[in-house]
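# Structural characterization, general
Listed below are the residues making up each chain.
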Amino acid sequence: MASQEFEANLVAILPKMRAWAARLTRNRSEVDDLVQETALKALAACYQFLSGTNFMAWVHRIMVNQFISGKRKQRLLTDLLPEQPVSATHLDQIELRELARAIDRLPPAQRIALSAKVLAEKSYDELAVETGCPAGTLKSRVHRARAQLRLSPWPAEGRRGKVTEAIAPLNVCLAFSDASRSEACSTEGAATRQSS
């Protein structure tokens, strides 16, 4: 196939290449990169294409191979580089301490519900089974705790929104496990007293 004819065929299937790339990557930002890399590889290997064979299938195979190779390289790179913790800035540490204090000021029932929902990442139904407290009550407690934290003075107005994730100190997590046991016991005790 002549070079000009090859290039014309490649340009003609660019819209289809974008559709293939979109199906493979499922990410809009990667589509153009994959199409461009595939076009470059196809142009570099134009002498390998046999005239009379299916041009679209040939280009599609190049794209699939390029996609697989890219994913393998990405996986190898992330496997080779160990995750290294990034130290928090001084302001972030201050904000975390302020958040911990604000959480400590919450009523125990709200603090426990918030910690279980946010930190333990449990569903309301799981929490209801564990604590014996209705899911609606837990939702209400979490909502009130979040609303009260929004009114707290952390973070400082100029830095609001810069710290997107804050992890409460370990004692909040421990307080949840201790308090959930005691709350479950008190709930069971109340239920037995009512049935008597």
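Since this is a predicted model, take the numbers as computed values, not measurements.

### Looking at the layout of surface pockets
Each pocket or cavity is described by its volume, and for the second largest pocket that value is around 160 Å³. If you trace the second largest pocket, you find it lined by T25, E30, D33, L34, E37, Q66, F67, G70, K71 and Q74. For the lining of the second largest pocket, the secondary-structure elements that each account for two or more residues are α3 (28-44) and α4 (55-80). No other element matches α4, which puts five residues into the lining of the second largest pocket.

### Description of the confidence of the model for the protein chain
The predicted model of the protein chain has a mean per-residue pLDDT of 75, with 70% of residues at 70 or higher. Within the protein chain, the lowest mean pLDDT, 46, falls on helix α9 (residues 170-195), and the highest, 92, falls on helix α2 (residues 14-25). The low-confidence segment residues 156-181 (pLDDT under 50) makes 28 contacts with residues lying over four places distant or belonging to another chain.

### Brief notes about the side chain of T131
Assignment of secondary structure puts T131 in helix α7 (residues 124-131). Side-chain polar atoms of T131 contact the backbone oxygen of L127, separated by 2.7 Å.

### With respect to α3
Helix length check: α3, at 17 residues, gives a terminal C-alpha distance of 25 Å against a target of 24 Å (1.5 Å per residue), a fit within 8%. By the burial criterion, the buried members of α3 are V31, L34, V35, T38, A39 and A42. When α3 is viewed along its axis, its buried side chains cluster within an angular range of 130 degrees and face the same direction. Summarising the geometry of α3, the exposed residues directed more than 90 degrees from the buried face are S29, Q36, L40 and A44.

### Describing the packing of helix α1 (residues 3-12) against α3
Two numbers describe how α1 lies on α3: the axes approach to 11 Å, and their chain directions differ by 160 degrees. In terms of axis orientation, α1 runs roughly antiparallel to α3. Handedness of the α1/α3 crossing: right-handed. Contacts between α1 and α3 involve F6, E7 and L10 from the former and A39, A42 and L43 from the latter. Partitioned by chemical class, the residues of the contact of α1 with α3 number five nonpolar, no polar and one charged.

### Points about the pattern of salt bridges
Scanning all chains against the criterion turns up two salt bridges. A salt bridge links D32 to R18; the nearest nitrogen and oxygen atoms lie 2.1 Å apart. Highlighted residues: D32 in helix α3 and R18 in helix α2, separated in sequence by 14 residues. Among the residues examined, R18 registers a relative accessible area of 41% and is labelled partly exposed. Here K71 makes a salt bridge to E30, at a shortest N to O gap of 4.0 Å. Here the residue K71 occupies a position in helix α4, and E30 occupies one in helix α3, the gap between them amounting to 41 residues. Among the residues examined, E30 registers a relative accessible area of 27% and is labelled partly exposed.

What counts and what doesn't
Residues numbered from 1 in each chain as written. Predicted model: local features only at pLDDT ≥ 70, side-chain atom pairs only at ≥ 80, totals over all residues. Heavy atoms only, no water. 1 Å grid on protein atoms, 1.4 Å probe; cavity = no way out; pocket = protein on both sides within 12 Å on 5 of 7 lines; lining within 4 Å. Points joined across faces, edges and corners; volume = space filled by probe spheres on them. Helix = DSSP H or I, 4+ residues; strand = E, 2+ residues; numbered from the N terminus. pLDDT = per-residue confidence, 0-100. Contact = heavy atoms within 4.5 Å. Polar contact = N/O pair within 3.5 Å; in protein donor to acceptor, adjacent residues only side chain to side chain. Expected span 1.5 Å × (residues − 1). Buried < 20%, exposed > 50% of the residue type's maximum accessible area, 1.4 Å probe, protein only. Arc of directions from axis to C-beta. Axes fitted to C-alpha atoms, helices over the stretch in contact; angles between N-to-C directions. Parallel < 35°, antiparallel > 145°, perpendicular 65-115°, else oblique. Left-handed = near helix turned anticlockwise from the far one by under 90°. Nonpolar A, V, L, I, M, F, W, Y, C, P; charged D, E, K, R; others polar. Salt bridge = Lys/Arg side-chain N within 4 Å of Asp/Glu carboxyl O.

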